[in-house]
Amino acid sequence: MSGDRPYLNGSNSAEEGKNGSGSGNQDKQSQSNKKSSGSTRDRQRDGKMTVVVPPAKGSKTPTVPEESVDANMTDGPAGETQEDQPDPVEKAVAEIKANLPLLDRAVTQFDPRFTLRALRSIPSVRKQLTAEVIAIVVTETYPIPTPTAESLLSAVKDDASFPTTKVQEWHKRKEAPPPRTAPKEVLPEVDVYLSILVQVHLYDKKSINAGAQFSSALVNHLRTLNRRTLDSLAARVYFYYSLFFEETSPKPPSPAAAVISIRKPLLDALRTATLRKDQDIQASVTTLLLRNYLSTSHIKQADLLIYHTKFPAAAPNNSFARYLYYLGRIRAIQLSYTEAHDHLVGATRKAPTSYKASGFYQASTKLLIVVELLMGDIPDRATFRQPSLEKSLQPYLQLVQAVSAGDVVGFQSLVQRYNSTFRKDDTYTLILRLRQNVIRTGVRMMSLSYARISLRDICLRLGLDSEESAEYIVAKAIRDGVIEASLDHERGFMKSKEVGDVYATREPGDAFHERIQACLALHDESVKAMRFPMNQHRLELKNAQEARERERELAKEIVDGDMDDDDAPSGDFDGI
C-alpha cells in the first residue's frame with residue numbers, strides 16, 4: 001500500500017523525470033486517496049475516533065494524536081500550572097535578598113533613595129513574612145554565626161515555623177576551619193533592615209513583650225552608631241519601638257502606662273538627631289513624642305516640646321502630615337480653633353487618599369469636621385460622599401445635621417448613641433463643646449424666623465432649664481455678634497432687627513481673603529515639595545577645587561622655570 005504513505009516534498013517530480021510521464025503515478029495517488037478516504041469513513045463509524053493530522057511539507061517526524069496532546073495539557077496534580085507557581089517562602093526570601101544590594105548601593109553612593117526603595121518593599125513581603133523566612137535569610141546572609149545574627153534568630157525561635165535543623169547546621173559553621181578568603185563583612189544597614197523585619201513579624205504575631213525587649217536592645221545598639229545612611233532605617237525602628245510600648249500593659253490613658261518609660265530614650269534620640277542634623281530621625285521622634293504625650297493627656301508637655309523644638313522643613317511627607325495632625329489636635333484642645341483648622345487642612349492634603357491607607361485620612365478628616373463645627377462653619381457636603389470616608393463619617397454627618405438645625409435634644413441623643421465611637425476617635429471631649437454652638441445656632445435661626453419671640457418659647461424650643469438661662473444665652477449671642485436683635489427684660493421677649501445687605505459688610509472680603517491665603521499656602525508647599533538633584537552643590541565645589549589645584553600647579557611650574565609663559569594654557573587664573 002504505497003499509496004497510503006505520504007510523499008515527501010519533491011518526490012513526484014523525481015519519479016516523473018525518471019519515468020518520463022507522471023500519469024501512472026497520478027492514478028496511483030488518486031487510488032490511494034480513495035482508499036484513505038474510505039478507511040477514514042470506516043473509522044468514523046467506530047466509537048473511538050482518532051484524528052490524523054497531515055504532516056507539513058519537508059517534515060519527517062510523525063504527528064501526535066490530539067487525544068495525547070489534550071491529556072498532557074490537563075491541570076493535574078503534576079501539571080505545568082502547579083509547577084509554575086512559586087513557593088511563597090522562596091518568593092519572600094528572594095524579595096528580601098533582592099533589597100540587600102540596594103542597601104549596599106545606598107552606602108557606596110551615599111544615596112538614601114535606595115534605602116527608601118528597600119523600606120517600601122516591606123508591605124509586599126509582610127504577608128509572607130514568617131520565622132522560617134527570617135531564619136533562611138539570616139543563615140544565608142551571614143556566612144558564620146555572629147552576635148547580631150544570633151539575636152535575630154533568638155527573637156523568632158519560639159515560632160512554630162522556625163527551622164531548627166537548618167539553624168543547627170548553620171551553627172556548625174563556627175566550628176569548621178576558616179576559609180582561605182575572609183568573608184565579606186555584613187553592613188550595619190543590613191543588620192538594621194533585618195531587625196526591622198523581625199519587629200514587623202513580632203508585631204503581626206502579637207508578641208508584644210518579646211517585641212518590646214527586642215526593640216529596646218535594638219535602640220540601644222543604634223545609639224552606638226553614627227552613620228548617615230542609617231537615618232531612614234533608624235526612623236522606622238523608633239516607630240515600631242514606640243508602637244510596641246503602646247500595646248504593652250498598662251495601656252494609655254492610664255497614668256502608669258508603659259509609654260511613659262520610653263520618653264527619656266526618645267528625648268535622648270531627639271537631642272542627638274538635632275545635633276547631628278538627622279532630619280529623618282528628628283521628624284519621626286518628634287511625632288512619636290507628641291503622640292506619646294497626647295495618649296496620656298499631657299497637653300502642656302506637648303506644647304512645650306513644640307515650643308522648644310523646630311520641625312525639619314525637609315522632613316518626609318508622611319512625617320510632616322502626622323506632625324500637622326498632632327499639632328492640630330493640641331491647638332483644638334487649647335481652644336485655638338483657627339490654628340487647629342489650618343494645621344488639619346494641611347494634614348488632610350498631605351494624607352494618602354487610597355483605600356488601603358485611608359486610616360490617617362479618616363482620622364484627620366473627623367477631627368477637621370469637629371473643629372469646623374466649633375468655629376461655627378458647616379463642612380462641605382462633598383466631604384461625606386468620598387468612597388473612603390462615606391461609611392466612617394456617617395455619625396459625623398448626623399452630627400453636622402443636628403448642629404446645623406440647632407436641635408439640642410437631637411444633639412444630646414446623638415452623642416449618647418455614638419458615645420463609644422466618639423471616644424474611640426478621641427473626639428468626644430471636643431464634641432461636648434458643641435452644645436453651646438447648637439444653642440447659638442438655634443437662637444440665630446429663631447431670630448431669622450421670628451420678628452419677636454418670647455423667652456419662654458426659646459426655653460421650650462432649645463430644651464433649656466429656665467427662662468433665665470435663655471435670657472443669658474440670648475444676651476451673649478447679641479454681644480458676640482451672632483444675631484442682630486434686642487432683648488426686652490421687662491416684657492420677656494427678643495426682638496430681631498431687620499437684616500441688611502450682607503455685601504455691605506466685611507464678611508465677603510474676609511471670606512475672599514481666606515481663600516487667597518489657602519491658595520498661596522498651597523503654592524508655597526508645592527514649591528517646597530519639588531525635588532532637586534541631591535548634593536549638587538558638593539559636585540560644583542569639588543570641580544572648582546580641582547580647577548584651583550590645577551591652576552596652582554601650572555603657576556608653580558611657570559615660576560620654577562619648567563614651563564614657559566607661551567606653553568601655559570590661555571585664560572585667567574582665577575584661583576591664584
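Just so we're clear, the structure is a prediction, and the values are computed from it rather than from any experiment. (Residues numbered from 1 in each chain as written. Predicted model: local features only at pLDDT ≥ 70, side-chain atom pairs only at ≥ 80, totals over all residues. Heavy atoms only, no water.)

A. Layout of the overall build of the chain. Regarding its fold elements, the chain presents 28 helices and 3 strands. Taken across its 576 residues, the chain has 37% of its residues classed as buried. For the chain, the exposed area adds up to about 36200 Å²; of that, 51% sits on carbon and sulfur atoms. (Helix = DSSP H or I, 4+ residues; strand = E, 2+ residues; numbered from the N terminus. Buried < 20%, exposed > 50% of the residue type's maximum accessible area, 1.4 Å probe, protein only. Areas by Shrake-Rupley, 256 points an atom, 1.4 Å probe, with all protein chains shown as cover.)

B. How the structure looks around the packing of aromatic side chains. What the rule picks out here adds up to 9 aromatic pairs. Taken together, a centroid distance of 5.3 Å and an interplanar angle of 70° make the contact between Y241 and F245 edge-to-face. Highlighted residues: Y241 and F245, both in helix 13 (residues 231-246), separated by 4 residues, approximately one helical turn. Of the two residues, Y241 and F245, both sit in the buried class. Grouped by ring-pair contacts, the aromatic residues F311, F320 and Y323 constitute a single cluster. If you follow K206 out to its NZ or CZ, it ends over the ring of Y203, 5.1 Å from the centre. Here the guanidinium or amino end of R423 rests over the ring plane of Y428, the centre of that ring lying 4.0 Å away. (Phe/Tyr/Trp six-rings, centres within 6.5 Å; stacked < 30°, edge-to-face > 60°. Lys NZ or Arg CZ within 6 Å of the ring centre and 35° of its normal.)

C. Spotlight on the packing of helix 8 (residues 131-141) against helix 9 (residues 147-156). Axis separation between helix 8 and helix 9 bottoms out at 10 Å; the angle between their running directions is 170°. Judged on the interaxial angle alone, helix 9 and helix 8 are roughly antiparallel. Handedness of the crossing formed by helix 8 with helix 9: left-handed. Each of A131, I134, A135 and V138 in helix 8 lies in contact with helix 9, whose residues at this interface are A149, L152, L153 and V156. (Axes fitted to C-alpha atoms, helices over the stretch in contact; angles between N-to-C directions. Parallel < 35°, antiparallel > 145°, perpendicular 65-115°, else oblique. Left-handed = near helix turned anticlockwise from the far one by under 90°. Contact = heavy atoms within 4.5 Å.)

D. Quick look at the pairing of strand 2 (residues 485-488). Two strands pair when backbone bridges link them, and strand 2 and strand 3 (residues 493-496) are joined in this way by 4 bridges, in the antiparallel orientation. Bridge assignment links L487 to a residue of strand 3, and that residue is M494. (Pairing = 2+ DSSP bridges.)

E. Representation of the packing of helix 14 (residues 263-276) against helix 15 (residues 279-295). Here helix 14 crosses helix 15 at 150°, and the two axes come no closer than 9 Å. If you check the angle between helix 14 and helix 15, you find them roughly antiparallel. For the crossing formed where helix 14 meets helix 15, the hand is left-handed. Listed contacts from helix 15 to R263, L266, L267, A269, L270, A273 and T274 of helix 14 are I281, Q282, V285, T286, L288, L289, N292 and Y293. When grouped by side-chain class, the residues that make up the contact of helix 14 with helix 15 number 10 nonpolar, 4 polar and 1 charged. (Nonpolar A, V, L, I, M, F, W, Y, C, P; charged D, E, K, R; others polar.)

F. Summary view of the nonpolar core. Residues Y193, L194 and Y238 are the most contacted members of the largest nonpolar core, which totals 133 residues. The dominant element in this core, judged by the number of residues it contributes, is helix 11 (residues 188-204), at 10 residues. In contact with Y193, not counting residues within four places along its chain, are I96, N99, L100, L103, A118, S121, I122 and L233. (Core = buried A, V, L, I, M, F, W, Y, C linked by side-chain atoms within 4.5 Å.)

G. Region of the structure containing helix 16 (residues 299-308). Taken together, the buried positions of helix 16 are I299, A302, L305 and I306. For helix 16, the buried positions fall inside an angular range of 120° around the axis, keeping them on one side. Opposite the buried face of helix 16, at more than 90 degrees from it, the exposed residues are K300, Y307 and H308. Among the structural elements, helix 14, helix 15 and helix 17 (317-333) are those in contact with the buried residues of helix 16. (Arc of directions from axis to C-beta.)

H. Representation of the pattern of salt bridges. This structure, assessed with the given rule, holds 13 salt bridges. Note that D231 is salt-bridged to R228, the shortest N-O span being 3.5 Å. Take D231: its relative accessible area is 9%, and that puts it in the buried class. For K251, the salt bridge is made with E247, and the minimal N-O distance between the two is 3.7 Å. Given a relative accessible area of 44%, K251 falls into the partly exposed group. Its relative accessible area of 32% is what places E247 among the partly exposed residues. One salt-bridge network, in which partners are shared between bridges, spans R228, D231 and D278. (Salt bridge = Lys/Arg side-chain N within 4 Å of Asp/Glu carboxyl O.)

I. Examining a negative patch on the surface more closely. A contiguous patch of negative charge on the surface is contributed by D342, D377, E507, D510 and E514. Broken down by element, the negative patch gets its largest block of residues, 3 residues, from helix 27 (residues 507-529). On the secondary structure map, D377 appears in the loop between helix 19 (359-374) and helix 20 (394-405). (Patch = residues over 30% accessible without salt bridge, like charges linked within 9 Å, V, L, I, M, F, W, Y side chains within 5 Å. Lys, Arg positive; Asp, Glu negative; His and termini not counted. Charge placed at Lys NZ, Arg CZ, Asp CG, Glu CD.)

J. View of the confidence of the model for the chain. This prediction gives the chain a mean pLDDT of 78; 78% of its residues lie at or above 70. Across residues 1-81 the pLDDT falls below 50, and counting only partners more than four positions away or on other chains, this stretch makes 27 contacts in the model. (pLDDT = per-residue confidence, 0-100.)

K. Just unusual backbone geometry, in detail. Cis peptide bonds are those with omega within 30 degrees of zero, and the linkage from S249 to P250 qualifies with -5°. Within the secondary structure, P250 sits in the loop between helix 13 and helix 14. One non-glycine residue, F110, lies in positive phi territory at about 50°. Looking at where F110 falls in the secondary structure, it is placed in the loop between helix 5 (88-108) and helix 6 (112-120). Even without glycine at this site, D426 takes up a positive phi of about 60°. By secondary structure assignment, the location of D426 is in the loop between helix 22 (419-424) and helix 23 (428-432).

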